[in-house]
Amino acid sequence: MANSFFSSKRAPYYADVPDEKWNNWRWQLSHRINTPEEFDKVIPLTDRERKALSASHLFRVDITPYFISLIDPDDPNDPIRKQVVPTDAEMVPFTAMMEDSLAEDRHSPVPGLVHRYPDRVLMLVTTQCASYCRYCTRSRIVGDPSATFRRNEFEMQIEYLKRTPQVRDVLLSGGDPLVLAPKILEEIISNLREIPHIEIIRIGSRVPVFMPMRVTDELTDMLQKYHPLWLNINVNHPNEISAELEEACDRLSRAGIPLGNQAVLLAGVNDNVHVQRKLVHDLVRIRVRPYYLYQCDLVAGAGHFRTPVAKGIEIMEGLRGHTSGYAVHTYVIDAPGGGGKIPVMPNYLISMSDHKVVLRNFEGFITTYEEPIDYTPDQAAKPLLKRPEPGQSGVLGLLEGEDLFIKPEGFEEIHDRFGIQHRLKDERKWVPLGIGPGKKEQ
Ligand SMILES: *Cc1c(COP(=O)(O)O)cnc(C)c1O
């Protein structure tokens, strides 16, 4: 992009590659780096990297010439290098490490479709990516061409969505949906668009970051036929933001696709507030809204990337209030075992009484907010949307009086202590006596 604030780089090794090849995404894909011999020509390997590359059962390695060019070959701690070049640290096990820490496969009604939230699903459409992130949460399937999804599985996914009217949002992921053959990608998106209850389609892709040349006019012309369509990219460090990424994002934005970023908090890459501030500032410059900052999952191979949760809280403390609200992402922990994303942040609510709250701001200024004493909630408010399935109304269900408690499975049995049924155990005792919400229908 002419006059970009961001730079454009090409490793000396690629100096003689003609521009038509360099700017062709198929050339980038077919010239990815994955062997020690190739690495040594572009970024000489360290001993720990070499050791990892010669190990068996290593999570797949592949780096596009474009992306490897962003690495400073003289810096063994380069933040981009750490994301894509393996080291022997990947072979070190850690407590609580799992293969599928988010229990995605357990929450899949059909292969590749993860239906965890009431109104939206995650649809895995391929196991292939343009390059492979060493911290990949789906390394159990990603990279393995034999594990990828077949036509009959896409059909099962589409069939499930047709018969599941509560799904209004489908998130395409993988692997990376933008490495699919353009025809197959369009077929999937157009099939989804034909389902009337699917309101929005989202794509999660790191292709604009690994291979910005993939974002051609042809691609954006295709995508914009299927609006409303949203797209999240994954940038973890400001060094990934180049003139080429800026141009790719500009094309997507001009096609009317709102862009977000999902970053992962990674030790040695972006685990400090100064890098994070630069990251979010550079993202908003290219019109990408920081969406989530993820705590690194408990996935095998990624132990060395993990930070304490306190580091994430400290980063959020350094963003909120200090910079534009648009530049502040939400820090989340994706719950091990499959509970979904849980936001965590510093506490701003310091105390409260019956009609007053005490708050603190980012500067440590402590203030009070006086609440109304004559407030009556809108009693006539009726849900505008269908009720969620039983068991999915959550804590809001408690507030709305749908349930009095949420209890772990087996709770009653364990507290019954194998006791006998007796006169004090009359079930009616646990039905509220009052009137209004909270009173159970008898
Ligand atoms: C992240 C995720 C979503 C989307 O979550 P949002 O908070 O709506 O972005 C949906 N389904 C699954 C299984 C996910 O992991």
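So, a few notes on the structure that sits alongside this text. Everything quoted here is computed from the prediction, not taken from an experiment.

### Focus on the pairing of strand β8 (residues 330–335)
Pairing geometry for strand β7 (residues 289–294) and β8, over three bridges, is parallel. Bridged to Y292 within β8 is T330. With helix α13 (residues 309–319) bridging β7 and its parallel neighbour β8, the resulting β-α-β unit is right-handed. Both β8 and strand β9 (residues 340–343) contribute to a ladder of four bridges, which runs antiparallel. Paired with A335 across the two strands is G340, which belongs to β9.

### A short note on the packing of helix α7 (residues 151–162) against helix α8 (residues 182–193)
It is the contact of α7 with α8, at a shortest axis distance of 10 Å, that shows an interaxial angle of 20°. On the basis of the axis angle, α7 is roughly parallel to α8. Our pair here, α7 against α8, has a crossing hand that is right-handed. Contacts from R151, F154, I158 and L161 of α7 reach α8 at I184, E187, I188, N191 and L192. Taken together, the residues that form the contact of α7 with α8 break down as six nonpolar, one polar and two charged.

### Some points on the site of the ligand
Near the ligand, the surroundings consist of V114, R116, Y117, R120, L122, L171, R202, Y291, Y292 and K341. Between the ligand and Y291 there is a distance of 2.5 Å, counted from an oxygen atom to a side-chain nitrogen or oxygen. Here an oxygen atom of the ligand sits 2.5 Å away from a polar atom, N or O, in the side chain of Y292. Relative to its free-state accessible area of 380 Å², the ligand is covered by the protein chains to the extent of 91%. Among the secondary structure elements, those contributing two or more residues to the shell around the ligand are β2 (120–124) and β7.

### Thoughts on the sheet that holds β7
What the nine strands build is an open sheet, ordered β1-β2-β3-β4-β5-β6-β7-β8-β9; its pairing is mixed. The open sheet is flanked by β1 (113–114) and β9, the only strands paired with a single partner. The sheet contact formed by strand β6 (residues 259–264) and β7 spans five bridges and is parallel. In the sheet register, V264 faces β7, and the bridge partner there is Y294. Strands in contact with α8 are β2, β3 (169–173), β4 (200–204) and β5 (229–233); relative to β4, the strand with the most contacts, it is inclined by about 155°.

### Notes on unusual backbone geometry
Cis geometry is found at the peptide bond from G174 to G175, where omega equals 15°. Relative to the helices and strands, G175 resides in the loop between β3 and α8. Of note in the backbone geometry, H57 takes a positive phi value of approximately 60° without being a glycine. With respect to the helices and strands, H57 occurs in the loop between α4 (47–53) and α5 (65–68).

### Digging into the pattern of salt bridges
Considering all chains together, one arrives at 31 salt bridges under this definition. The partner of D105 in a salt bridge is R140, with the nearest N and O atoms 2.8 Å apart. Of this pair, D105 sits in the loop between α6 (79–84) and β1 while R140 sits in the loop between β2 and α7, placing them 35 residues apart in sequence. Here D169 and R202 are joined by a salt bridge, their closest N and O atoms 2.9 Å apart. Of this pair, D169 sits in strand β3 while R202 sits in strand β4, and the two are 33 residues apart along the sequence. What makes D169 buried here is its relative accessible area of 3%. Taking the relative accessible area as the measure of exposure, R202 reaches 14% and is therefore buried. Residues participating in the shared-partner salt-bridge network are D100, E104, D105, R138 and R140.

### Focus: the packing of aromatic side chains
Enumeration according to the criterion identifies ten aromatic pairs in this entry. Ring geometry for Y291 against Y292: centres 4.2 Å apart, planes inclined by 40°, an arrangement best described as tilted. An aromatic cluster is built from Y13, Y14, W22 and W27, whose rings are joined through pairwise contacts. Its guanidinium or amino end placed over the ring of Y117, R120 lies 3.9 Å from that ring's centre, counting from NZ or CZ. Sitting over the face of the ring of F5, R285 holds its NZ or CZ atom 3.5 Å from the ring centroid.

How each quantity is defined
- Residues numbered from 1 in each chain as written.
- Predicted model: local features only at pLDDT ≥ 70, side-chain atom pairs only at ≥ 80, totals over all residues.
- Heavy atoms only, no water.
- Pairing = 2+ DSSP bridges.
- Helix = DSSP H or I, 4+ residues; strand = E, 2+ residues; numbered from the N terminus.
- Right-handed = clockwise from strand over helix to strand, strands pointing away.
- Axes fitted to C-alpha atoms, helices over the stretch in contact; angles between N-to-C directions.
- Parallel < 35°, antiparallel > 145°, perpendicular 65-115°, else oblique.
- Left-handed = near helix turned anticlockwise from the far one by under 90°.
- Contact = heavy atoms within 4.5 Å.
- Nonpolar A, V, L, I, M, F, W, Y, C, P; charged D, E, K, R; others polar.
- Near = heavy atom within 4 Å.
- Polar contact = N/O pair within 3.5 Å; in protein donor to acceptor, adjacent residues only side chain to side chain.
- Areas by Shrake-Rupley, 256 points an atom, 1.4 Å probe, with all protein chains shown as cover.
- Salt bridge = Lys/Arg side-chain N within 4 Å of Asp/Glu carboxyl O.
- Buried < 20%, exposed > 50% of the residue type's maximum accessible area, 1.4 Å probe, protein only.
- Phe/Tyr/Trp six-rings, centres within 6.5 Å; stacked < 30°, edge-to-face > 60°.
- Lys NZ or Arg CZ within 6 Å of the ring centre and 35° of its normal.

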